[in-house]
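Listed here are the chains, written in short residue letters.
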Amino acid sequence: MKETIQSSKEQIFEISEQTRREYETLEGELEDTRRKVSEIIQQTNEKRHQAQVARNRLAVINRDFNTFSNEEAKRVYDDANEYRLQLAVMEKEEKQLRERRDQIERRLLQLDDTLNRAELLVGQVSIVHNFLDGDLREVGEMVEDAKEKQAFGLKIIQAQEEERRRLAREIHDGPAQLLANVLLRSEILGRVYTEHGIDAALNELQDVRKSIKGSLSEVRRIIYDLRPMALDDLGLIPTLKKYLDGLADEQEETEIRFILHGNEYRLEVNLEVALFRLVQESVQNALKHANAEQISVKAEMRTTQVHLIIQDDGRGFDPAGSTNPGFGIIGMKERVNELKGDVKIESAKGKGTKITITIPT
Ligand SMILES: Nc1ncnc2c1ncn2[C@@H]1O[C@H](COP(=O)(O)OP(=O)(O)OP(=O)(O)O)[C@@H](O)[C@H]1O
Ligand SMILES: [Mg+2]
């Protein structure tokens with residue numbers, strides 16, 4: 001586009017240059033023609049005068065025919081004829097030259113007009129070119145920006161899909177399996193009673209109850225993962241405590257500690273959800289990947305910011321490694337970025353992991 005405009009500009013410029021050259025040539029020719037015209041006017045005037053003289057003499061001869069010899073009369077006659085012819089030729093030439101002069105003058109006016117218009121056009125095209133030059137650069141930047149946004153959007157969609165897949169898998173493997181199991185067991189409960197008696201049936205019932213309890217807490221955990229309802233009711237700190245206590249109860253291998261510095265206060269609910277998710281992902285990672293003995297979560301609510309440190313003494317990893325397959329850490333970084341906060345991941349193989357998050361409130 002820009003190239004086309006540029007080339008058009010050059011073409012218009014070329015046309016105007018050609019016009020200017022023609023103009024200059026014609027201007028020279030006009031001067032020449034004007035000189036020739038005035039010369040020929042003079043010559044024709046002279047010739048006309050000569051012809052007139054010759055005609056006058058011829059008239060005298062015609063009048064006093066007897067006083068002139070035949071030769072004399074013939075010479076005068078020939079002269080007069082000759083002048084008349086010459087005059088005719090010269091008058092024709094004069095007429096042609098005048099016509100040529102007028103033609104050149106008209107052509108020069110046209111060329112002048114073309115030149116002015118070409119100059120105007122070059123100016124306008126230059127403006128368009130410069131405008132597009134700047135504008136297209138902006139468009140380019142916008143396209144780049146849009147591409148980034150699109151890539152970012154795709155990543156979010158991908159993360160959402162991944163989250164749904166994970167959720168479906170969890171419900172399928174957890175509560176759905178357990179409920180199917182409960183159904184099966186409740187069906188055989190009657191048979192156990194008739195075949196093995198009341199004690200066996202009560203034992204079986206005990207197992208079924210355990211299964212139901214299991215699926216209930218599994219369903220609760222999934223709901224909790226989706227949206228900890230305590231967040232809205234109680235706020236961040238109590239919800240974190242509850243969540244971490246629940247995790248600690250669930251498994252024995254890892255000790256999970258929660259430490260609060262300073263006073264707690266309620267934040268805007270979206271910010272509380274975000275902070276909860278950041279801790280949740282960090283702790284889940286530590287449980288999933290670190291094989292740690294201890295996980296600690298420290299929270300400090302300062303006047304203008306919230307400070308979180310999630311630390312484990314597990315196997316550690318290379319936070320800069322591009323082979324990290326999940327969305328957890330990417331999502332954490334994006335979240336922190338959106339909140340105009342800061343996240344630092346310090347980890348090394350065998351040295352545990354420390355995640356420091358600071359979010360302005
Ligand atoms: N506390 C940790 N200790 C050891 N390795 C970790 C820890 N946190 C993260 N990692 C490593 O970094 C990788 C990326 O973590 P990330 O949370 O982004 O993905 P994920 O946990 O594998 O998957 P997702 O979070 O999407 O379920 C993990 O697969 C793991 O190898
Ligand atoms: Mg993760």
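Predicted, not measured: the structure shown is a model, and the values here were computed from it.

Conventions used here
Residues numbered from 1 in each chain as written. Chains lettered and ligands numbered in written order. Predicted model: local features only at pLDDT ≥ 70, side-chain atom pairs only at ≥ 80, totals over all residues. Heavy atoms only, no water. Helix = DSSP H or I, 4+ residues; strand = E, 2+ residues; numbered from the N terminus. Rg over C-alpha atoms; globule rule 2.2 N^0.38 Å. Buried < 20%, exposed > 50% of the residue type's maximum accessible area, 1.4 Å probe, protein only. Contact = heavy atoms within 4.5 Å. Areas by Shrake-Rupley, 256 points an atom, 1.4 Å probe, with all protein chains shown as cover. 1 Å grid on protein atoms, 1.4 Å probe; cavity = no way out; pocket = protein on both sides within 12 Å on 5 of 7 lines; lining within 4 Å. Points joined across faces, edges and corners; volume = space filled by probe spheres on them. Nonpolar A, V, L, I, M, F, W, Y, C, P; charged D, E, K, R; others polar. Donors = N, O, S within 2.8 Å, 3.2 Å for Na, K, Ca; no water. UniProt positions renumbered as here; feature names shortened; annotations may be inferred. Near = heavy atom within 4 Å. Polar contact = N/O pair within 3.5 Å; in protein donor to acceptor, adjacent residues only side chain to side chain. Pairing = 2+ DSSP bridges. Axes fitted to C-alpha atoms, helices over the stretch in contact; angles between N-to-C directions. Parallel < 35°, antiparallel > 145°, perpendicular 65-115°, else oblique.

What about the overall build of the chain?
And step 1. What the chain contains, in helices and strands, is 7 helices and 5 strands.
And step 2. For 361 residues, the compact-globule estimate of 2.2 N^0.38 gives 21 Å, and the chain exceeds it by more than 25% at 53 Å.
And step 3. Counting only C-alpha atoms, the chain reaches 180 × 55 × 40 Å along its principal axes.
And step 4. Each of the 361 residues in the chain was classed as buried or not, and the buried ones make up 29%.
And step 5. Sequence-distant contacts in the chain: of pairs separated by 6 or more residues, those separated by 24 or more amount to 72%.
And step 6. When the accessible surface of the chain is totalled, it reaches about 24000 Å², and 52% of it is carbon and sulfur.

Digging into the layout of surface pockets
And step 1. In this model, the second largest pocket occupies a volume close to 460 Å³.
And step 2. Together, 18 residues line the second largest pocket, and Ser217, Arg220, Arg221, Tyr224 and Gly246 are the ones closest to its centre.
And step 3. Taken together, the elements giving at least two residues each to the lining of the second largest pocket come down to α3 (198–226), α4 (229–234) and α5 (236–250).
And step 4. Split into classes, the residues belonging to the lining of the second largest pocket amount to 7 nonpolar, 3 polar and 8 charged.

Some thoughts on the coordination of the magnesium ion (ligand 2)
Geometry sets the ideal angles at a metal, namely 109.5 degrees for four tetrahedral donors and 90 or 180 degrees for six octahedral donors.
And step 1. Summarising the metal site, the magnesium ion (ligand 2) is bound by the protein donors Glu281 (OE) and Asn285 (OD1), whose distances to it range over 2.0 to 2.1 Å. Of this pair, Glu281 and Asn285 both sit in helix α6 (residues 269–290), 4 residues apart, which is roughly one turn of that helix.
And step 2. Judged by its relative accessible area of 22%, Glu281 falls in the partly exposed class.

Observations regarding the UniProt feature "coiled-coil region" (unreviewed entry) in the chain
And step 1. Under the feature "coiled-coil region" (unreviewed entry), the UniProt entry names residues 16–43 and 73–121.
And step 2. The straight-line gap between the two end C-alpha atoms of residues 16–43 is 39 Å; of that span, 100% is helix and 0% is strand.
And step 3. This span, residues 73–121, is 100% helix and 0% strand, and a straight line between its end C-alpha atoms measures 71 Å.

Topic: the site of ligand 1
And step 1. Near ligand 1 you find 16 residues, and of these Glu281, Asn285, His289, Phe327 and Ile329 are the closest.
And step 2. One of the side-chain nitrogen or oxygen atoms of His289 is found 2.7 Å away from an oxygen atom of ligand 1.
And step 3. In isolation ligand 1 exposes 590 Å². Once the protein is present, 84% of that is buried.
And step 4. Taken together, the elements giving at least two residues each to the shell around ligand 1 come down to α6 and α7 (328–338).

Section: unusual backbone geometry
And step 1. The backbone phi angle of Asn291 is positive, close to 55°, even though this residue is not glycine.
And step 2. Residue Lys340 is not a glycine yet carries a positive backbone phi of 55°.
And step 3. Tracing the backbone through its elements, the reader meets Lys340 in the loop between α7 and β4 (342–347).

What to know about the pairing of strand β2 (residues 294–301)
And step 1. Both strand β1 (residues 255–261) and β2 contribute to a ladder of 7 bridges, which runs parallel. Across the sheet, the residue bridging to Ile256 is Ile295, located in β2.
And step 2. Note that β2 and strand β3 (residues 305–312) share 7 bridges and pair antiparallel. Each bridged residue has a counterpart across the sheet, and for Lys298 the counterpart in β3 is Ile309.
And step 3. Where β2 folds back on β3, the antiparallel hairpin that results is connected by 3 residues.

Considerations on the packing of α3 against α6
And step 1. As a packed pair, α3 and α6 sit with axes 11 Å apart at the nearest point and diverge in direction by 125°. Taken together, the axis directions place α3 and α6 in an arrangement best described as oblique. Seen from α3, the contacting residues are Tyr224, Asp225 and Leu226; seen from α6, they are Phe276, Arg277 and Gln280.
And step 2. Taken together, the residues of the contact of α3 with α6 sort by class into 3 nonpolar, 1 polar and 2 charged.

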